[in-house]
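Below are the chains, spelled out letter by letter.
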Amino acid sequence: QLTASHLSALTEALGEIAEARKGDDGRAVRTGIAGLDERLGGGLRPGQLCVLAGRPGMAKTTVAQNVAFAAARAGRGVFFASLEMPRGELALRFMSKGLAERGIEVPYATMRAGRLDDAQLRAVGEEARAQEALPIITGERDVRSVERLRSAARRAQRQLADTATPLGLVVIDYVQLVAVERARDIREKVTAASDAAKSLALDLGVPVLALSQLNRECEKREPPVPVISDMRETGRLEEDADVVILLYRAEEYIRRDLDAAAREGMDVERRADLEADLARARGRLDLIVAKQRSGATGTERAVIRPDLCHVSEAQDGAAAPVEEGF
């Protein structure tokens, strides 16, 4: 249906209000991070383009996998376009995440290297069997072009349509890797990929979570916390996005400073300060909601174990709210 009356739109809007009042909004796709879901009004919404952006090392793929895992566990089908990582490695990371949720620590790098004791091997086998039924469809290098990405997402929707877990989420990891014919530069390329992602969200009626690299400008600031203007080289991606979440892990930058200190012979006092900073920042992940069409911006905090591909709620519930206008 390409058009709808205002009456039908009003009916849909009133239905959303009723669901929200009951606390049972079945349309929203929860991210698995309670504070973030609350800030987003229940989670990711059908038709939304949500951009997850950060510099390398900020765990974009890990966060996206956690969202996909939470959605699949809740009965939402997921199409995960993994344009950078082979599906086998993605599966290792999903298994490590699943084991972490059960309190079993088996880093995915350990699995990949085959350095597993008998107990770990049994746990991995059990987790693989437990995840067999997860409704996750993976596309990799074969969906790198805009046209193939669209076709694969629609194919995934058809494949899941008559199941108990219809398509509920599309993940694109990441937009700069989407191939676009005749694009003259990275700006035009990302603009075309952004158009495709937003169109998919609207056409399929599901949220699309698109990962994006930020430029280096944020690393010239102290501290290098990203802001939305760091997306200015991404064409229309910022404009098309309904939600923009910027990722920041102070731990990564402190580790780099410590490595530089070791090479350059930094004084003992400065090194001690950095080690104290590292202890405070270890495992901290800031999710900065820098844009939200239908809500306030602000920062939510989570705990991350990148080696286990696991993100969890911050235990102290600490956050750094920055309430702004809609």
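Going by the structure above, here's the rest.
Residues numbered from 1 in each chain as written. Predicted model: local features only at pLDDT ≥ 70, side-chain atom pairs only at ≥ 80, totals over all residues. Heavy atoms only, no water.

1. Side note on the nonpolar core
Grouped together as the largest cluster of nonpolar side chains are 76 residues, with contacts concentrated most on F79, I172, L209, I245 and L287. Excluding anything up to four places from it in sequence, F79 contacts I137, T138, G139, L149, A152, A153, A156, L167, L169, V170 and V171. The next biggest cluster of nonpolar side chains, apart from the first, holds nine residues, and it includes V106, Y108, A123 and C309. (Core = buried A, V, L, I, M, F, W, Y, C linked by side-chain atoms within 4.5 Å. Buried < 20%, exposed > 50% of the residue type's maximum accessible area, 1.4 Å probe, protein only. Contact = heavy atoms within 4.5 Å.)

2. Describing the pattern of salt bridges
This model, assessed by the stated rule, comprises 23 salt bridges. In this structure, the salt-bridge partner of R73 is E101, at a minimum N-O distance of 2.9 Å. Separated by 28 residues along the polypeptide, R73 in helix α3 (residues 60-73) and E101 in helix α4 (residues 87-101) bring together distant segments of the chain. Linking R236 and D240 is a salt bridge whose minimum nitrogen-to-oxygen distance equals 3.6 Å. Residue classification places R236 among the partly exposed residues on the basis of a relative accessible area of 31%. A relative accessible area of 13% places D240 in the buried class. Residues participating in the shared-partner salt-bridge network are R249, E251, E252 and R255. (Salt bridge = Lys/Arg side-chain N within 4 Å of Asp/Glu carboxyl O. Helix = DSSP H or I, 4+ residues; strand = E, 2+ residues; numbered from the N terminus.)

3. Considering the environment of E126
Mapping E126 onto the fold places it in helix α6 (residues 118-131). By relative accessible area, E126 is classed as partly exposed at 38%. Linking E126 and L99, residues 27 residues apart in sequence, is a C-alpha distance of 9.3 Å.

4. Section: helix α10 (residues 250-264)
Along its 15 residues, α10 runs 21 Å from first to last C-alpha, staying within 8% of the 21 Å computed at 1.5 Å per residue. All of the buried residues in α10 are E251, Y253, I254, L258, A260 and A261. (Expected span 1.5 Å × (residues − 1).)

5. What about the packing of α10 against helix α11 (residues 268-281)?
The contact between α10 and α11 brings their axes to 9 Å, and the two run at 155°. As far as their axial angle goes, α11 and α10 are roughly antiparallel. Note on packing geometry: the crossing formed by α10 with α11 is left-handed. In contact with A250, E251, I254, R255, D257, L258, A261 and A262 of α10, α11 contributes R271, L274, E275, D277, L278 and A281. (Axes fitted to C-alpha atoms, helices over the stretch in contact; angles between N-to-C directions. Parallel < 35°, antiparallel > 145°, perpendicular 65-115°, else oblique. Left-handed = near helix turned anticlockwise from the far one by under 90°.)

Nothing here speaks to function; it is geometry throughout.
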